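Commentary on secondary and tertiary structure
Chain residues, written in single-letter form:
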Amino acid sequence: MNSLVTRGSLFDDFFKDFAPGFYVRPLHGDGLPTPSQIKIDVKEDDATYTVHAEVPGVPKEDIHISIDGNVVSLRAEVRQHDEKKEGEKVLRSERYFGSVARSFQLPVDVDAAQCKAKYDNGVLTLTLAKKQGNKTQRLTID
């Protein structure tokens with residue numbers, strides 16, 4: 001049943017309006033987006049691919065990027081927890097742990113040694129250098 005009803009669905013909105021007393025939002029807000037919700041834009045020039053991926057609310061230390069040939073994989077992890085302060089009595093403690101991953105394939109292999117990554121205001125920018133010598137050759141049809 002979990003796979004059928006997702007958070008933020010029409011079902012949730014209906015029950016929130018129908019019975020607001022029974023709808024409880026998590027303490028830490030929304031969790032990670034689903035892989036299809038990580039918006040990715042890919043642009044290309046002669047030497048590089050430029051990728052912009054929206055991964056808001058995730059510290060850059062918890063974003064992992066791997067490159068295998070022409071496949072680029074992004075993985076993000078979130079670890080949120082309440083901190084106990086001196087002299088406080090904990091009545092309730094909630095934690096959220098989650099991860100999301102997304103992979104995509106590019107037309108040409110990427111030179112991982114020449115790639116760069118930058119993370120600013122929830123947007124991850126990857127500059128992926130195309131591997132030289134991977135020129136496609138058009139065949140003549142006899």
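So, here is what we can say about the structure in this document.

1. Some words on the overall build of the protein chain
Summing up its helical and strand segments, the protein chain has 1 helix and 7 strands in all. In the protein chain, the succession of α and β elements from N to C terminus is α-β-β-β-β-β-β-β. With 142 residues in all, the protein chain has 21% of them scored as buried. Across the protein chain, contacts joining residues at least 24 apart in sequence account for 55% of those joining residues at least 6 apart. In the structure as shown, the protein chain presents an accessible area of about 11200 Å², 50% of it carried by carbon and sulfur atoms.

2. Section: the sheet that holds strand β6 (residues 116-120)
Taken together, 4 strands build an open sheet; the order of strands is β1-β2-β7-β6 and the sheet is antiparallel. Every other strand in the sheet has two partners, leaving β1 (40-44) and β6 as the edge strands with one partner each. In this sheet, neighbouring strand axes are inclined to one another by 15° on average, regardless of whether the strands run parallel or antiparallel. Pairing analysis gives 7 bridges linking strand β2 (residues 48-54) to strand β7 (residues 123-129), with the strands arranged antiparallel. Its bridge partner lying in β7, Ala53 is registered against Leu124.

3. Digging into unusual backbone geometry
For Asn121, which is not glycine, the phi torsion reads 50° and is therefore positive. As for its position among the elements, Asn121 is in the loop between β6 and β7. Take Asn121: its relative accessible area is 74%, and that puts it in the exposed class.

4. A short note on the pairing of β6
Burial of β6 is sparse: only 0 of the 5 residues sit out of reach of the surface. The pairing of β6 with β7 spans 5 bridges and is classified as antiparallel. Directly across from Tyr119, in β7, lies its bridge partner Leu124. Linkage of β6 to β7, two consecutive antiparallel strands, is achieved through a turn of 2 residues, within which Asn121 is found at a positive phi near 50°.

5. A word on the packing of aromatic side chains
The relation between two aromatic rings is expressed through the spacing of the ring centres and the mutual angle of the planes. Inspection of every chain in the model, using the stated rule, returns 0 aromatic pairs. The ring of Tyr49 is capped by Lys130, whose NZ or CZ atom sits 4.9 Å from the centre of that ring.

6. Description of the nonpolar core
Counting 19 residues, the largest nonpolar core has Val55, Leu106, Leu126 and Leu128 as its most contacted members. Those elements that place two or more of their residues in this core are β2, β4 (71-81), β5 (95-105) and β7. By residue number, the principal contributor to this core is β4, which donates 4 residues. Apart from the residues within four sequence positions on either side, Leu126 is in contact with Tyr49, Thr50, Val51, Ile65, Val72, Leu74, Lys116 and Ala117.

7. Notes on the environment of Pro107
Take Pro107: it is sitting in the loop between β5 and β6. C-alpha of Pro107 to C-alpha of Asn70: the two residues are 37 residues apart in sequence and 6.8 Å apart in space.

8. Considering the pairing of β2
Two strands pair when backbone bridges link them, and β1 and β2 are joined in this way by 5 bridges, in the antiparallel orientation. Bridge pairing in β2 places Glu44 opposite Tyr49. The antiparallel hairpin formed by β1 and β2 contains 3 residues in its connecting segment.

Thresholds, definitions, all that
Residues numbered from 1 in each chain as written. Predicted model: local features only at pLDDT ≥ 70, side-chain atom pairs only at ≥ 80, totals over all residues. Heavy atoms only, no water. Helix = DSSP H or I, 4+ residues; strand = E, 2+ residues; numbered from the N terminus. Buried < 20%, exposed > 50% of the residue type's maximum accessible area, 1.4 Å probe, protein only. Contact = heavy atoms within 4.5 Å. Areas by Shrake-Rupley, 256 points an atom, 1.4 Å probe, with all protein chains shown as cover. Pairing = 2+ DSSP bridges. Axes fitted to C-alpha atoms, helices over the stretch in contact; angles between N-to-C directions. Phe/Tyr/Trp six-rings, centres within 6.5 Å; stacked < 30°, edge-to-face > 60°. Lys NZ or Arg CZ within 6 Å of the ring centre and 35° of its normal. Core = buried A, V, L, I, M, F, W, Y, C linked by side-chain atoms within 4.5 Å.

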